[in-house]
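Structural characterization, general
The primary structure of each chain is shown beneath.
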Amino acid sequence: MSEASEKLSGATLRRLLQLVKVHTGITMEERKRELLFGRIRPRMRALGHETPEQYVDYLESNSEETQEFVNRVTTNETLFFRTPIIWEFFTTSYLPEWYAKNPDQVLKIWSAASSSGEEACSIAMSCEEFRLKNPSFRYKIQASDISTDVLNIARHGNFKDKSVEDLRKKQPMIFEKYFRENSSGQARFAEHVLGTIEFFVHNLHNRSPKTEFFDLVFLRNVLIYFNEADQELVLRNIHGALKNGGTLIVGESESLARLKTSFEFSRPLIYKRTA
């Protein structure tokens, strides 16, 4: 029997799973207890807690621990230009068509589960490449996540390890154009492009705090962590943040086919907001 099985089980496990649900909206099953224990164990040690029960008691009675807990239990793995078919659509179809219809407008995009910023930066690089060919094109990107840890990484624009190596290998010219190595050996994203992105903390189970409406929302690889009812709730919130006829892009493992939503299928992974 593992340490997790010994220390995190029964009522304590159920309490912790409920706290995950309450604070993140994620429905996590009991079979994930090994993963969950591995994520909270460093925090338990930092606080001097010997058992998960002590940590759960502390979490329930100290609201200032909530964000730290959220940061620990959420999954944040992403890459630049993940799922090439999406970026092919965005660069060769969406941007030219939108610009032709809205030459005097500002394109407004929301990366609604931005993690450490690779997706938002991919959007920005694509928009910059389009702007270089169309100087009057203007764009604005909002990027949100529930984790303050990953947002801090995103705001600073310093990247390393897997996502950087993947981009360097697959798109070396783009990497050389938009990244420079900093004093710590990390790849630093171009500041003038990073400045086009506004990062903010947001739980997708709540409506967008932004008063503006978006032309396009990237909501990728996050719905899979929610149950069906919560998926529909999140999609209602996204629907309310989109302009009429706005576009929603979801992840490669996601589909809205069985859900009750006000989106209509456009092409694989692409949906349109209906009135």
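As shown above, the structure is provided for reference.
What you see as residue numbers is a count from 1 along each chain, following the sequence as written. Given that the model is predicted, a residue must reach a pLDDT of at least 70 before its local features are reported, and side-chain atom pairs must reach 80 or more before they are shown or counted; all residues, however, enter totals for whole chains, interfaces and linings. Remark: hydrogens and water are excluded; side-chain values derive from all non-hydrogen atoms of the structure.

1. Some details on the sheet that holds strand 2 (residues 138-145)
The criterion for strand pairing is that DSSP finds at least two bridges linking the strands in question. Helix numbering and strand numbering both begin at the N terminus, where a helix is a DSSP run of H or I of at least 4 residues and a strand a DSSP run of E of at least 2. On the basis of which strands lie adjacent, the open sheet formed by seven strands has the order 6-2-1-7-8-10-9 and mixed pairing. With partners counted over all chains shown, the strands left at the sheet margins are strand 6 (197-201) and strand 9 (263-267), one partner each. In this sheet, neighbouring strand axes are inclined to one another by 25° on average, regardless of whether the strands run parallel or antiparallel. Of the pairings in the sheet, the one linking strand 2 to strand 6 comprises five bridges and is parallel in character. Helix axes are fitted to C-alpha atoms over the stretch in contact, other axes to C-alpha atoms as well, and angles between N-to-C directions run from 0 to 180 degrees.

2. With respect to unusual backbone geometry
Its identity is not glycine, yet Thr-83 carries a phi of approximately 65°, on the positive side. With respect to the secondary-structure elements, Thr-83 resides in the loop between helix 5 (66-73) and helix 6 (84-101). Residues other than glycine seldom take positive phi values, yet Leu-269 does so here, at roughly 75°. Inspection of the secondary structure assignment puts Leu-269 in the loop between strand 9 and strand 10 (270-273).

3. Some details on the packing of aromatic side chains
We call Phe, Tyr and Trp rings a pair once their centres come within 6.5 Å, taking the six-membered ring for Trp, and we label the pair stacked below 30 degrees between planes, edge-to-face above 60, and tilted otherwise. Applying the stated criterion to the full structure yields 20 aromatic pairs. Summarising the aromatic geometry, the rings of Phe-80 and Phe-179 are spaced 5.4 Å apart at their centres and angled 75° between planes, so their arrangement reads as edge-to-face. Pair noted here: Phe-80 is in the loop between helix 5 and helix 6 and Phe-179 is in strand 4 (residues 179-181), with a separation of 99 residues, a long-range link. Buried, partly exposed and exposed residues are distinguished by accessible area as a fraction of the type maximum, computed with a 1.4 Å probe on protein chains only: under 20%, between the cut-offs, and over 50%, respectively. Phe-179 sits in the buried class, given a relative accessible area of 3%. In this structure, Lys-210 packs its charged tip against the face of Phe-200, placed 4.5 Å from the ring centre. Counted as over-ring charges are cases with an Arg CZ or a Lys NZ within 6 Å of the ring centre that also lie within 35 degrees of the ring normal.

4. A few points about the nonpolar core
Across soluble globular proteins, nonpolar side chains have a tendency to be buried as a group. Grouped together as the largest cluster of nonpolar side chains are 83 residues, with contacts concentrated most on Phe-90, Phe-179, Leu-219, Ile-238 and Leu-248. The greatest single-element share of this core, amounting to eight residues, is contributed by helix 6. Contact partners of Phe-179, with chain neighbours within four places excluded, come to Phe-80, Met-125, Phe-159, Leu-167, Ala-187, Arg-188 and Phe-189. As used in this record, nonpolar core signifies buried Ala, Val, Leu, Ile, Met, Phe, Trp, Tyr and Cys residues forming a set joined through side-chain atoms within 4.5 Å. Whether two residues are in contact is decided by their heavy atoms: any pair within 4.5 Å suffices.

5. A look at the sheet that holds strand 4
Reading across from one edge, 3-5-4 is the order of the three strands in this open sheet, with antiparallel pairing throughout. Two strands lie at the open edges of the sheet, namely strand 3 (158-159) and strand 4, each paired on one side alone.

6. Focus on helix 8 (residues 148-156)
Looking only at helix 8, the buried set comprises Val-150, Leu-151 and Ala-154. Buried residues of helix 8 fall within an arc of 100° about the axis and therefore sit on the same side. Those residues of helix 8 that are buried are in contact with strand 2, helix 11 (191-194) and strand 6. Nitrogen and oxygen atoms within 3.5 Å of one another constitute a polar contact, given that in protein one can donate a hydrogen and the other can accept it, and given that sequence-neighbouring residues count only through two side-chain atoms. N-cap assignment for helix 8: the residue whose side-chain oxygen lies 3.3 Å from the backbone N of Asp-149 is Ser-147. Following helix 8 by one or two positions, Gly-157 has its phi on the positive side, about 70°. Along the arc lie the directions from the helix axis toward the C-beta atoms.

7. So, the packing of helix 6 against helix 7 (residues 118-133)
The interhelical angle for the contact between helix 6 and helix 7, taken along N-to-C directions, is 50°, at an axis separation of 11 Å. By the criterion of interaxial angle, the relationship of helix 6 to helix 7 is oblique. In this structure, the crossing between helix 6 and helix 7 has a hand that is right-handed. Each of Trp-87, Phe-90, Thr-91, Leu-95, Pro-96 and Tyr-99 in helix 6 lies in contact with helix 7, whose residues at this interface are Glu-119, Ser-122, Ile-123, Ser-126, Cys-127 and Phe-130. Here the residues of the contact of helix 6 with helix 7 are counted per class, giving eight nonpolar, three polar and one charged. Throughout this description, any angle smaller than 35 degrees is read as roughly parallel, any larger than 145 degrees as roughly antiparallel, any in the 65 to 115 degree range as roughly perpendicular, and the remainder as oblique. By convention, the crossing between two helices is left-handed when the near helix turns anticlockwise from the far helix through less than a right angle, and right-handed when the turn is clockwise. Residue polarity follows a fixed list, in which Ala, Val, Leu, Ile, Met, Phe, Trp, Tyr, Cys and Pro are nonpolar, Asp, Glu, Lys and Arg are charged, and the others, Gly among them, are polar.

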